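Residue-level listing of the chains:
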Amino acid sequence: MSVIIDGRAIAQQIHAETAARVATLKTRGIQPGLVFVRVGEDPSSQVYVGMKEKKSAELGFRSTTLVLPATTSEAELLARIDALNADPQWHGILVQAPLPHPINAATVYARVDPEKDVDGFHPLNVGKLLLGDSDGFVPCTPGGIHELLIRSEVPIPGAEVVILGRGNIVGKPMASILVQKGRHANATVTVVHSGSRDVAEHCRRADILIAAMGVPEFVRASMVKPGATVIDVGVNRVPSPGSTTGTRLVGDVAFAEVAPIAGWITPNPGGVGPMTIAMLLSNTTRAAERATR
Ligand code: GUN
């Protein structure tokens, strides 16, 4: 049986570290400020932003959510971001994805001041990550997965890592992190995507398999090498006729059948999700520390 990677417990450790940094900032009269921008009424985004804002408040941050209608034009959203960039009470700005059509997400993320880009989505921070420059902000979900691997003492250098999914939020930055030369990286990274051949064959080679493509229970026992580390990033809503809501959430990994084979595995929920928030608040604290040095 595998070791279950307890994302809630590891996130709690990081929150405790962040709280200590927030207390130090407080002695200097500084309160980290994090502003969320949510455009439209995407139900998942409502839940995620609500959870992030609640945790921010718990840790003593100044935080608020700017809710804009789905009809907001790109120009209007950019003007709002300009105002937040110029407002010194906000050390971090998070524009929740997905953004409604026809807003161009790349244009929006490029407008956020890179020093306030606690999501790590600005092209400057994306570039720094790829270059191995630790000065930039690392996106929260892959940054959180990296912390899970490090703090669970999963061997990374030399490991065969297979990432399922090439999205800008998880797959690509995850590959950038693990391919770097460094004590907690130096892996051989394969990114598998919708254009890949022999997906199962790639997966079976993996020492570390990271599933982030958004297909319910895609990773089956037959695709996992015995002893491998399996990280489930998926949050998929599927029909569940017997339940009160008629739906339930499942990951990208068929946990019940994969867990007995894996060496380490994240539960879902309780694995990657809590880490995303922990890294966001850590990044924001870093932004506040840097802005007020
Ligand atoms: N939507 C899903 N994950 C994220 C994230 O990490 N940041 C933002 N801004 N939006 C998201």
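What comes next is a walk through the structure.

Conventions we followed
- Residues numbered from 1 in each chain as written.
- Predicted model: local features only at pLDDT ≥ 70, side-chain atom pairs only at ≥ 80, totals over all residues.
- Heavy atoms only, no water.
- Core = buried A, V, L, I, M, F, W, Y, C linked by side-chain atoms within 4.5 Å.
- Buried < 20%, exposed > 50% of the residue type's maximum accessible area, 1.4 Å probe, protein only.
- Helix = DSSP H or I, 4+ residues; strand = E, 2+ residues; numbered from the N terminus.
- Contact = heavy atoms within 4.5 Å.
- Pairing = 2+ DSSP bridges.
- Axes fitted to C-alpha atoms, helices over the stretch in contact; angles between N-to-C directions.

### What to know about the nonpolar core
Phase 1: Counting 42 residues, the largest nonpolar core has Ile 145, Leu 178 and Ile 210 as the members making the most contacts within it.
Phase 2: For this core, the secondary structure elements donating two or more residues are α1 (7-27), β2 (33-39), α6 (140-151), β5 (160-164), α7 (171-179), β7 (208-211) and α10 (272-291).
Phase 3: At 8 residues, α10 tops the list of elements feeding residues into this core.
Phase 4: Beyond its immediate sequence surroundings of up to four residues, Leu 178 is in contact with His 146, Leu 149, Ile 156, Val 161, His 184, Ala 185, Asn 186, Ala 187, Val 189 and Ile 210.

### Concerning the sheet that holds strand β8 (residues 229-232)
Phase 1: If you trace the 6 strands from one edge of the open sheet to the other, you get β1-β11-β8-β7-β5-β6, paired in parallel fashion. Two strands in the sheet have a free side with no partner beyond their single neighbour: β1 (3-4) and β6 (188-192).
Phase 2: Pairing analysis gives 2 bridges linking β1 to strand β11 (residues 264-265), with the strands arranged parallel. Its bridge partner lying in β11, Ile 4 is registered against Ile 265.

### Quick notes on the sheet that holds β2
Phase 1: Read across the sheet, 3 strands follow the order β3-β2-β4 without closing on themselves; strand pairing throughout is parallel. The open sheet terminates on both sides in strands that have one partner only, identified here as β3 (62-68) and β4 (92-95). When the angles between neighbouring strand axes are averaged without regard to direction, this sheet yields 15 degrees.
Phase 2: The pairing of β2 with β4 spans 4 bridges and is parallel. Paired with Leu 34 across the strands is Gly 92, a residue of β4.
Phase 3: Along the sheet face, helix α2 (residues 43-58) touches β2, β3 and β4 and points at about 170 degrees away from the line of β2.

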